[in-house]
Amino acid sequence: TIKSLLHFFVYLFMIKNLNILVLLLLSINCKAQSPIIDIIDDDGSEVIGAYYKDVNNLLNPFEGTYIYTSGSTTLKIVLVKKVLQYNSQYYEDLIIGEYQYIENGVEKANTLPNINITYLNQRRHNIDGNFLVDKNFRVWQCPDCSATEKRLNTLLKDVVSGRFADLIMRRTTEGGQEVMKIKITNISRVIEIEGQPTAPDFALPIGEFTLIKQ
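In this report, the structure presented in the accompanying data block is examined.

Calculation criteria
Residues numbered from 1 in each chain as written. Predicted model: local features only at pLDDT ≥ 70, side-chain atom pairs only at ≥ 80, totals over all residues. Heavy atoms only, no water. Helix = DSSP H or I, 4+ residues; strand = E, 2+ residues; numbered from the N terminus. Buried < 20%, exposed > 50% of the residue type's maximum accessible area, 1.4 Å probe, protein only. Contact = heavy atoms within 4.5 Å. Areas by Shrake-Rupley, 256 points an atom, 1.4 Å probe, with all protein chains shown as cover. Salt bridge = Lys/Arg side-chain N within 4 Å of Asp/Glu carboxyl O. Polar contact = N/O pair within 3.5 Å; in protein donor to acceptor, adjacent residues only side chain to side chain. Disulfide = S-S within 2.5 Å.

## Notes on the overall build of the protein
Of the regular secondary structure elements, the protein holds 1 helix and 11 strands. The secondary structure elements of the protein, listed N-terminal to C-terminal, are α-β-β-β-β-β-β-β-β-β-β-β. Out of the 214 residues belonging to the protein, those deemed buried represent 39%. For the protein, the share of sequence-separated contacts (at least 6 apart) that also reach a separation of at least 24 residues comes to 52%. A total accessible area of about 12900 Å² is found for the protein, and carbon and sulfur atoms account for 55% of it.

## A few points about the pattern of salt bridges
Under the definition given, this model contains 8 salt bridges. The closest approach of N and O atoms between Arg123 and Asp128, which form a salt bridge, is 2.6 Å. The exposure class of Arg123 is partly exposed, given its relative accessible area of 28%. Judged by its relative accessible area of 7%, Asp128 is buried. Here Glu174 ties to Lys181 by a salt bridge, and the two come within 2.5 Å at their closest N and O atoms. For Glu174, a relative accessible area of 37% gives the class partly exposed. Relative accessible area serves as the criterion here: at 22%, Lys181 is assigned to the partly exposed category. Ionic contacts of the salt-bridge type, sharing partners, join the residues Glu92, Arg123 and Asp128 into one network.

## Brief notes about the environment of Arg151
The residue Arg151 is located in strand 8 (residues 151–157) in this model. For the pair formed by Arg151 and Met169, sequence separation is 18 residues and the distance between their alpha carbons is 5.7 Å. Here Trp140 takes part through its backbone oxygen, which lies 2.5 Å from a polar atom of the side chain of Arg151.

## A closer look at the state of the cysteines
Tallied over the entire structure, the rule returns 1 disulfide. The disulfide partner of Cys142 is Cys145, and the gap between their sulfur atoms is 2.0 Å. Since a negative S-S torsion denotes a left-handed disulfide, the Cys142-Cys145 link at about 85 degrees is right-handed.

## Some words on unusual backbone geometry
Phi is positive for Glu46, close to 55 degrees, though the residue is something other than glycine. For Glu46, a relative accessible area of 39% gives the class partly exposed. Its identity as a non-glycine residue notwithstanding, Ser88 has a phi of 85 degrees, on the positive side.

## Topic: the side chain of Asn126
Positionally, Asn126 belongs in the loop between strand 6 (106–110) and strand 7 (127–133). Among the residues examined, Asn126 registers a relative accessible area of 7% and is labelled buried. Polar side-chain contacts of Asn126 include one of 2.8 Å to the side chain of Glu98. Contact partners of Asn126, with chain neighbours within four places excluded, come to Gly97, Glu98, Tyr99, Thr111, Asn114, Leu155, Leu156, Lys157 and Val159.

## Remarks on the environment of Lys150
Turning to its location among the elements, Lys150 is positioned in the loop between strand 7 and strand 8. For Lys150, a relative accessible area of 29% gives the class partly exposed. In sequence terms Lys150 and Lys135 are 15 residues apart; their C-alpha atoms lie 7.4 Å from each other. Ignoring anything within four residues of it in the chain, the contact list for Lys150 reads Ile40, Leu58, Phe62, Leu132, Val133 and Asp134.

## Points about the side chain of Gln122
Along the polypeptide, Gln122 turns up in the loop between strand 6 and strand 7. For Gln122, a relative accessible area of 3% translates into the label buried. At 2.9 Å, the side chain of Gln122 forms a polar contact with the backbone nitrogen of Tyr119. With residues near it in sequence (within four places) discarded, Gln122 still touches Lys82, Gln85, Ile96 and Ile117.

Limitation: the analysis is restricted to geometry and does not speak to function.
Structure below.
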């Protein structure tokens, strides 16, 4: 019938335009992620619209749950790799994470419930980064590292004091056990304002620790 034919042509028109829309979106998406830059080649220039990609999956070994224990003090860190994340300037692959810190049986901080939150900018997580460093990284040199080994330097936020620190991580093994050696250093300073309450001290542990992969 004429009515059926009309429905058929309307259907074809909708399908055709849907295909055009999909192709257009794919085209825009591809252009938005150009050029593709290996994160190992990132020189800090922050190319607008680029995709800083973990081409060789160097971030993958850092994923997981790690725990440091000393008596009744524990530090638990959970790390997850996120790919193709947009930070309002460019796309990137990165490691995000959260933590729980218990000191002498008293919980000082626990951000683990935030690990499954998908922020518009994933760098809002309390651990974030994708800066890979070699054995000669001046903040924490590593004589035991091989010439090709890469460690990960991330930003750590203390939710108690609001201060930041460098969290440098090295994945390795000890006695057949997978471990993560870390260093927490370079604590940011807080500018004291006259008449305002004194800013709290950095609540997380400072120094070098070995965490066992769970």
